[in-house]
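Fold and contact review
This is what each chain is made of:
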Amino acid sequence: MRDHFEIRDADAAGRIGRLDVPRADRTVETPALMPVINPNRLTIEPARLEAEFGVEMLITNSYIIRETDALREQALESGLHEMLGFDGAIMTDSGSFQLSEYSDVDVTTEEIIEFQHAVGSDIGTPVDIPTPPDVPREQAERELETTQQAIADAEAIDVGEMLLNAPVQGSTYPDLRQHAATHAAGTDLDVFPVGAVVPLMNGYRYDEMVTAVAAAKRGLGADCPVHLFGAGHPMMLALAVALGCDLFDSAAYALYARAGRYLTVSGTQQLEDLDYFPCSCPICSEQTPADLRSEDDDTRTRLLAEHNLHVTFEEIRRIKQAIRGGDLLELVDRRARGHPAMYDGYRALLDHADQLEREDPVSKGTFFHTSAESARRPEVLRHHERLDRLAVPETVLLTEGGAPDGDTYDAAWRVVPPFGPFPRELSDSYPFTAAVPDRSDRAGQLAAADGVRALVDANPETAFTLAVDDWHQDAIDRVPEPVTVESLQEINE
């Protein structure tokens, strides 16, 4: 059991946690965004990140510092915190990004971790191989073995209170991701980055990103803090948190700003295309797009980067409140409407509803049926799986309406898409307090029919009658044959 990470609240697989970083004498609340700091090019000073944006932890590249004479001498002499002017926790990367870009780095895991420790890093990283998507399986397996050896090398080093990352690789092979995660979780290392997903995000392959992360999560314990390497666009953060990711790092705020790109929770826009700012952050409330375009390059880049960070941290706060309020998946649903690729990612997330259900709280604040995808949520799956726990009499009417007069049936249960059947006395219990549309959709009716089937399968001796109106025919066809199907109007008469 890892005693440096504590889960305080949860919704779906998302959680609000506390990550203790002993070397920094800090506790970082997750989900947390770590701005990437290029020590050679500070777009926003780290002290301002801490004071104005509330940044609790940042990430910088120890390989660049080690290979740059002036930076190396300064870091060894004064330490990273003083060099960067930042009092919070600092994570350092190892050069793995350079390895993925240039195929070679002149440093070993032992050398880079000892350097990270010497300069005062709070969370260090071994030299893993970030295997990109779509490579041959033999390459992914070979490079995964190298990464696992790097993890073993890191584990053998005495780093005192410095935490260590155990990267999870495996390319686009879910079984390799799960194997890598199981191996990493079995070590004494502390934080678990899922690596080499940036090409998937850059290619808007969010469904494949979800598949890779879900596989990694299957191999990691609930007590493992998960870092999604290279993820920092506000559009996808709710999706990633719902998957169970806790830490994110973003260079996008600065890189996009240099290219004149303006981040929003529904995508990226070019500054030159904007007439109005759809944001009320300090930058956007005080200037117009024309004002920003008129600035010199450095000022425009800095101001755009500040907006990009404001909108990203606003989304992190919104996600935390959604976890606290129990409506994280409603937020993911809304974000999925912003881009077709995000919609693919949301549907891929619900392909793993059984995995989410294992971590999703049994009771929480709300369930809003806002789309066809709501019928696939873990709460619906859980209800169907637990129908065999209910006591069922000999004759039961399953009805969308009220209980009829008379004693024709031993009981009249409610049928509410997408959940399906449940006893009326549970109507005030979660999730049957759900807000669902009066005009149920096909997906909700199909899910309700699955619930009827699960109830019938668990109670083969009971005589069931289903009374519904205006259901799609394929939902009626999914109801098992032993059930008598009648119209609600006929039952009421």
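Below is a summary of the structure that appears in this document. Just so we're clear, the structure is a prediction, and the values are computed from it rather than from any experiment. (Residues numbered from 1 in each chain as written. Predicted model: local features only at pLDDT ≥ 70, side-chain atom pairs only at ≥ 80, totals over all residues. Heavy atoms only, no water.)

1. Focus: the overall build of the protein
Rules: Under the scheme used here, helices are H or I runs from DSSP no shorter than 4 residues and strands are E runs no shorter than 2 residues, and both carry numbers assigned from the N terminus. Burial here depends on accessible area, computed with a 1.4 Å probe over protein chains only, as a share of the maximum for the residue type. Under 20% is buried, over 50% is exposed, and the range in between is partly exposed. Here, residues are in contact when the closest pair of their heavy atoms is within 4.5 Å. Reported accessibility uses the Shrake-Rupley method at a 1.4 Å probe radius. Residues are deemed covered only where the shown protein chains occlude them. The charged-residue count follows a simple rule in which Lys and Arg add positive charge and Asp and Glu add negative charge, with His and chain termini not counted at all. One atom stands in for each charge, and that atom is NZ of Lys, CZ of Arg, CG of Asp or CD of Glu.
Counting its secondary structure elements, the protein contains 22 helices and 18 strands. Across its three principal axes, the protein shows a C-alpha extent of roughly 90 × 55 × 40 Å. Relative to its 493 residues, the protein shows a buried fraction of 56%. Partitioning the contacts of the protein with sequence separation of at least 6, the portion at a separation of at least 24 is 68%. Summed over its atoms, the accessible surface of the protein is roughly 20800 Å², and 43% of this surface lies on carbon and sulfur atoms. Positive and negative side-chain charges of the protein, numbering 42 and 88 respectively, have mean locations separated by a distance of 2 Å.

2. Looking at the packing of aromatic side chains
Our working rule: The criterion for an aromatic pair is that two Phe, Tyr or Trp rings (for Trp, the six-membered ring) have centres within 6.5 Å, with stacked assigned to planes under 30 degrees apart, edge-to-face to planes over 60 apart and tilted to the rest. Over a ring means this: the NZ of a Lys or the CZ of an Arg is within 6 Å of the ring centre and within 35 degrees of the ring normal.
Scanning the entire structure with this criterion turns up five aromatic pairs. Taking 6.1 Å as the distance between ring centres and 85° as the angle between the ring planes, the aromatic pair formed by Tyr-204 and Tyr-206 counts as edge-to-face. Relative to Phe-277, the ring of Tyr-262 lies with its centre 5.1 Å away and its plane at 10°, an arrangement referred to as stacked. Of this pair, Tyr-262 sits in strand β12 (residues 261-264) while Phe-277 sits in the loop between β13 (267-270) and α13 (282-286), and the two are 15 residues apart along the sequence. Aromatic rings pair up to connect Phe-367, Phe-419, Phe-422 and Phe-432 into one cluster. Directly above the aromatic system of Tyr-256 lies the positively charged group of Arg-261, at a separation of 4.1 Å from the ring centroid.

3. Overview of the sheet that holds strand β2 (residues 14-21)
Adjacent strands of a sheet pair through backbone hydrogen bonds, lying either parallel or antiparallel. The line we're drawing: Only strands joined by at least two bridges in the DSSP assignment are considered to pair. Throughout, an axis means a line fitted to C-alpha atoms (over the contacting stretch in the case of helices), and angles, computed between N-to-C directions, take values from 0 to 180 degrees.
Strand order across the open sheet formed by three strands is β1-β2-β3, with antiparallel pairing between neighbours. Because the sheet does not close on itself, it has two edges, and the strands there are β1 (5-11) and β3 (26-30). The average angle at which neighbouring strand axes cross in this sheet is 15°, direction not considered. When β2 meets β3, the two strands line up antiparallel, connected through five bridges. Of the residues in β3, the one forming a bridge with Asp-20 is Thr-27.

4. A short note on a negative patch on the surface
As a reminder of what qualifies: Each patch is built from residues lacking any salt bridge and having more than 30% relative accessible area; the joining distance is 9 Å for like charges and 5 Å for nonpolar side chains (Val, Leu, Ile, Met, Phe, Trp, Tyr). One side-chain nitrogen of Lys or Arg within 4 Å of one carboxyl oxygen of Asp or Glu is enough to make a salt bridge.
Among the surface-exposed residues, Asp-106, Glu-110, Glu-111, Glu-114 and Asp-153 lie close enough to one another that they form a single negatively charged patch. If one sorts the elements of the negative patch by residue count, helix α6 (residues 109-118) sits on top with three residues. In this structure, Glu-114 sits in helix α6. Overall, Glu-114 belongs to the partly exposed group, its relative accessible area being 44%.

5. Concerning the packing of helix α10 (residues 206-219) against helix α17 (residues 340-350)
To keep things clear, this is the line we draw: What sets the label is the angle itself: under 35 degrees gives roughly parallel, over 145 gives roughly antiparallel, 65 to 115 gives roughly perpendicular, and the rest give oblique. Crossing handedness is read from the near helix: turned anticlockwise from the far helix by less than a right angle, it gives a left-handed crossing, and turned clockwise, a right-handed one. Each residue receives one of three labels: charged for Asp, Glu, Lys and Arg, nonpolar for Ala, Val, Leu, Ile, Met, Phe, Trp, Tyr, Cys and Pro, and polar for the others, Gly being one of them.
Closest axis-to-axis distance for the α10/α17 pair is 7 Å, and the angle between their directions is 30°. One finds that α10 runs roughly parallel with respect to α17. The two elements α10 and α17 meet at a crossing, and its hand is right-handed. Residue-level contacts link Tyr-206, Asp-207 and Val-210 of α10 to Ala-341, Met-342, Asp-344, Gly-345, Ala-348 and Leu-349 of α17. Partitioned by chemical class, the residues of the contact of α10 with α17 number six nonpolar, one polar and two charged.

6. Thoughts on the environment of Gln-270
Mapped onto the elements, Gln-270 comes out in strand β13. Classification of Gln-270 as partly exposed rests on a relative accessible area of 31%. Each C-alpha atom of the pair Gln-270 and Tyr-256 lies 9.4 Å from the other, and the pair is 14 residues apart in sequence. Non-local contacts of Gln-270, meaning those with residues more than four positions away in its chain, are made with Ala-259, Gly-260 and Arg-261.

7. A look at the pairing of strand β6 (residues 89-93)
Counted residue by residue, β6 has five buried out of five residues, so it is predominantly covered. Here β6 shows two buried faces, one formed by Ala-89, Met-91 and Asp-93 and the other by Ile-90 and Thr-92. In this sheet, β6 lies alongside strand β5 (residues 57-61) in parallel orientation, the contact comprising five bridges. Each residue of the ladder has a partner; that of Leu-58, found in β6, is Ile-90.

8. Observations concerning helix α16 (residues 328-336)
In terms of residue burial, α16 counts as a mostly covered element, since eight of its nine residues are buried. When we look at burial in α16, the residues that qualify are Leu-328, Leu-329, Glu-330, Leu-331, Val-332, Asp-333, Arg-335 and Ala-336. If you follow the buried residues of α16, they end up packed against β1, β2, α11 (234-243), α15 (297-325), α17 and α19 (378-385).

9. Some thoughts on the pattern of salt bridges
Applying the stated criterion to the full structure yields 31 salt bridges. Residue Asp-360 pairs with Lys-364 through a salt bridge whose shortest N-O separation is 2.6 Å. Between Asp-474 and Arg-442 there is a salt bridge; the shortest N-O distance is 2.5 Å. Here the residue Asp-474 occupies a position in helix α21 (residues 473-478), and Arg-442 occupies one in helix α20 (residues 442-458), the gap between them amounting to 32 residues.

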